Amino acid sequence: MFIKTFGKYIPYDIFNIHPSDFKSEYFSYIESFLIIIFCFIPLKIMFLNKSDNIIYKLPVIVYLFVISFFMYSLQKSNLMLLTYDGFFRLNMPIFLFLLLFFYLLKTINICNYKYYFVISFLTILCCLSNELTCITVLLGTLIYTFLSLFNKISKKRFYLLCLTLIVSIISTLFLIKFGAFTRKCSNIIFNLSYFKHILKIFPIFFNDYIKSMFINHFIGYILLVSQIIVLYIKTNERNGLNIVISYLLGLLLFFFSLIGIGQYQYLYGVNIFWIFHPDIQTMHELILLSFNLYLFSLICKNKILKNYFLYIIFVILIISSGFYIYKNIPYYNNVLENFLKPLRVIHYKAEKIIRLENLKNKTIYLDDQIFEDQFNWDLFYDVNAKEKNITYPNNPYIIFLNNIDGNITQKIIFTDKEIVEKEFTAEGMVFSDEELNKIKFNRLLDDNFILNKKFLD
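Being a predicted model, the structure only gives us computed values, none of them experimental.

Calculation notes
- Here the residue numbers are simple positions, counted from 1 along each chain's written sequence.
- Only residues with pLDDT of 70 or above have their local features reported here, since the model is predicted, and side-chain atom pairs are shown and tallied only from 80 upward, although totals for entire chains, interfaces and linings are computed over all residues.
- Hydrogens and waters are ignored; side-chain quantities use all the structure's heavy atoms.
- The numbering of helices and of strands both runs from the N terminus, where a helix is a DSSP run of H or I of at least 4 residues and a strand a run of E of at least 2.
- A simple rule labels every residue: compare its accessible area, found with a 1.4 Å probe on the protein chains alone, to the largest value its type can have, and call it buried under 20%, exposed over 50%, or partly exposed in between.
- Here a residue-residue contact requires only that any non-hydrogen atoms of the pair lie within 4.5 Å.
- The method behind every accessible area is Shrake-Rupley, applied with a 1.4 Å probe, and residues are considered shielded solely by the protein chains displayed.
- Pairing of aromatic rings covers Phe, Tyr and Trp, the last counted by its six-membered ring, and requires centre-to-centre distances within 6.5 Å; plane angles under 30 degrees mean stacked, over 60 mean edge-to-face, and any other angle means tilted.
- For every residue, the predictor reports its confidence as pLDDT, a number between 0 and 100.
- Pairs of strands are assigned from DSSP output, requiring at least two bridges between the strands.
- Working convention: axes come from line fits to C-alpha atoms, limited for helices to the stretch in contact. Angles between N-to-C directions cover 0 to 180 degrees.
- Under this scheme an angle from 65 to 115 degrees is roughly perpendicular, one under 35 degrees roughly parallel, and one over 145 degrees roughly antiparallel; angles in between are oblique.
- Crossings are classed by handedness, with left-handed meaning an anticlockwise turn of the near helix from the far one by less than a right angle and right-handed meaning a clockwise turn.
- In this count, Pro and Cys sit with the nonpolar residues alongside Ala, Val, Leu, Ile, Met, Phe, Trp and Tyr, while Asp, Glu, Lys and Arg are called charged and the others, Gly among them, polar.
- Note that patches include only residues with greater than 30% relative accessible area and no salt bridge, and the join distances are 9 Å for like charges and 5 Å for nonpolar side chains (Val, Leu, Ile, Met, Phe, Trp, Tyr).
- A carboxyl oxygen of Asp or Glu within 4 Å of a side-chain nitrogen of Lys or Arg is what we treat as a salt bridge.
- Helix span, expected: 1.5 Å multiplied by one less than the number of residues in the helix.
- For this quantity, the arc is that covered by the directions from the helix axis to the C-beta atoms.
- Think of a polar contact as two N or O atoms within 3.5 Å of one another; within protein, one of them needs to be a possible hydrogen donor and the other a possible acceptor, and neighboring residues in sequence only count if both atoms come from side chains.

For the rest of this paragraph, the subject is the overall build of the protein chain. Of regular secondary structure, the protein chain possesses 16 helices and five strands. Among the 457 residues that make up the protein chain, the fraction classed as buried is 47%. Residue pairs in contact within the protein chain that sit at least 24 positions apart in sequence constitute 75% of those at least 6 positions apart. If you sum the accessible surface of the protein chain, you get close to 23,900 Å²; carbon and sulfur atoms cover 63% of it.

Turning next to the packing of aromatic side chains. In this structure the tally under the stated criterion is 19 aromatic pairs. Taken together, a centroid distance of 5.8 Å and an interplanar angle of 75° make the contact between Phe 205 and Phe 256 edge-to-face. Taken together, the residues Phe 205 in helix α9 (residues 192-215) and Phe 256 in helix α11 (residues 238-257) connect sequence positions 51 residues apart. Under the relative-accessibility criterion, Phe 205 is labelled buried at 0%. Residue class for Phe 256 comes out partly exposed when judged on its relative accessible area of 29%. Grouped by ring-pair contacts, the aromatic residues Phe 202, Phe 205, Phe 206, Tyr 209, Phe 214, Tyr 221, Phe 256 and Phe 273 constitute a single cluster.

Turning our eyes to something else, we now look at the confidence of the model for the protein chain. It should be kept in mind that the predicted coordinates are not to be read in detail where pLDDT is low. Mean pLDDT over the protein chain works out to 77, with 71% of the residues at or above the 70 mark. Looking over the protein chain, one finds the lowest element-wise mean pLDDT in helix α4 (residues 58-75), namely 60, and the highest in α11, namely 94. Within the model, the stretch residues 74-83 combines pLDDT values under 50 with 37 contacts to residues more than four positions away or in other chains. Predicted confidence for residues 444-457 stays below pLDDT 50, and this span has 22 contacts to residues more than four positions away or in other chains.

The next point concerns the sheet that holds strand β3 (residues 364-367). Backbone-to-backbone hydrogen bonds join strands into a sheet, with any given pair of strands oriented parallel or antiparallel. The sheet built from three strands is open, its strands ordered β3-β5-β4 with mixed pairing. Taken across any chain shown, the strands that pair with only one partner, and hence form the sheet edges, are β3 and β4 (391-392).

To continue, consider the packing of α9 against α11. Interaxial distance between α9 and α11 falls to 10 Å at its minimum, and their mutual angle equals 140°. Relative to α11, α9 is oriented oblique. Of the two elements, α9 crosses α11, and the hand of that crossing is right-handed. Here Phe 202, Phe 205, Phe 206, Tyr 209, Met 213 and Phe 214 of α9 lie close against α11, whose contacting residues are Leu 252, Phe 255 and Phe 256. Tallied by class, residues from the contact of α9 with α11 come to nine nonpolar, no polar and no charged.

A separate point is a nonpolar patch on the surface. Together, Ile 124, Leu 128, Ile 166, Ile 170, Phe 174 and Phe 178 line one region of the surface with nonpolar side chains, adding up to about 590 Å² of accessible area. Secondary structure elements with two or more residues in the nonpolar patch: α6 (114-129) and α8 (155-177). With three residues, α8 is the single largest residue contributor to the nonpolar patch. Relative to the helices and strands, Ile 166 is located in helix α8.

What follows deals with helix α10 (residues 218-234). If you check α10, its first and last C-alpha atoms are 24 Å apart, about what 17 residues at 1.5 Å a residue would give, namely 24 Å. Every buried residue of α10 is accounted for by Gly 220, Tyr 221, Leu 224, Gln 227, Ile 228 and Leu 231. All buried residues of α10 lie within an arc of 135° about the axis, which places them on one face of the element. α10 presents Phe 218, Ile 219, Ile 233 and Lys 234 as exposed residues on the side facing more than 90 degrees away from its buried surface.

Helix length check: α8 (23 residues) gives 33 Å between terminal C-alpha atoms against 33 Å at 1.5 Å per residue, within 8%. Listed in full, the buried residues belonging to α8 are Arg 157, Leu 160, Leu 161, Thr 164, Leu 165, Val 167, Ser 168, Ser 171, Thr 172 and Leu 175. Phi for Gly 179, located one or two positions after α8, is positive at around 90°.

Another point: the environment of Pro 396. Residue placement: Pro 396 occurs in helix α14 (residues 396-404). Along the primary structure Pro 396 and Leu 379 are separated by 17 residues, whereas in three dimensions their C-alpha atoms are 6.5 Å apart.

This part takes up the side chain of Asn 358. Along the chain, Asn 358 falls in helix α13 (residues 307-359). Since its relative accessible area comes to 10%, Asn 358 is described here as buried. A polar side-chain atom of Asn 358 sits 3.2 Å from the main-chain amide nitrogen of Gln 410. Ignoring any residue separated from it by four or fewer positions in sequence, one finds Asn 358 in contact with Asn 407, Ile 408, Thr 409 and Gln 410.

Below you can see the structure in the form of structure tokens.
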């Protein structure tokens, strides 16, 4: 739905703008607006314990500093997330998970039957939206239900947890049925050789697990553990702490389970374990951040720290956030110059070749050097199928173009650059230096050949 909305209807049907231009020039503003909406739930979590003193809202201020940096990075000229589905694939599951987290906290003291439906529905959405949130919710609910047996909770709340656990199990089975969890390793066979292989790679995996989960997030986990210990000693916030501990353990167990699908070579040109995948690590960081801020709000609520300590933390956050943004400006400028602008040129050239050759009812020849960069994945038929001089019927990029305008039906062949240029220039068509230089800064919005078949006339 989101891909159709932002990839066709709004830019092309309403404003007559090429979707690629819309994404690079305007979508960052929409992303920022959506991020603010997503922030609503973590903010609601922090405002569970209301206070007239603004200092007790410090976790909210912290969260806004973090989000402001993320928004800053999106607003940088031409800097945008590369795919719409990527943006929602990362944010929506976390949004749903935090919403579930919020209602579990809310029902600690008030649990009526309407929350049975709300929490069950959110559990279904969390489990079906992403493998990480699915396993985290399933195992986290199981652990929390077990911990609740040692606390005095009402029968209604215990039944609610049991219902949530049952719903998460059923939802997980649905996800398994539809082929989730194995990723690119769909040929996994659970036999003796498989388990021998797991034992063989375990020492290497465990070392990488400690590095990716704890060493790379050293500060986050030190803060988390410290706050849990302090709150257990100083307060009676057992239920809230048990929720955080349970779902954190569920998250850690999900990452540990990734040993089952071994390694992959999708990026970087080397074999790495799935625990390093940037998508799920980003989700891990967002959950870790939210848990830390919730615990910090409990510290503020219970007045464990004196006000002057909170003010000192506030000043440190302002300075560190400003320094963080300043240090990342060169990084984002490098991404813009060396990644995003060249990528725009590649996609522009591919689109021009595809559309014009299709209008001539000719086979579409594309440069096989596209294979060299995995970030061009949408130009492939399949990320694992990268062979020269064979015919491919389709790829994700053609599906994207057909959603905009036209009916591209011709087949694709990836071959040598010289053959591609020969086929393309046979009709007198070329890419001028002036044309390609303009693309790096702004797609040719007034060049109708992309959307207008009269170009051939």
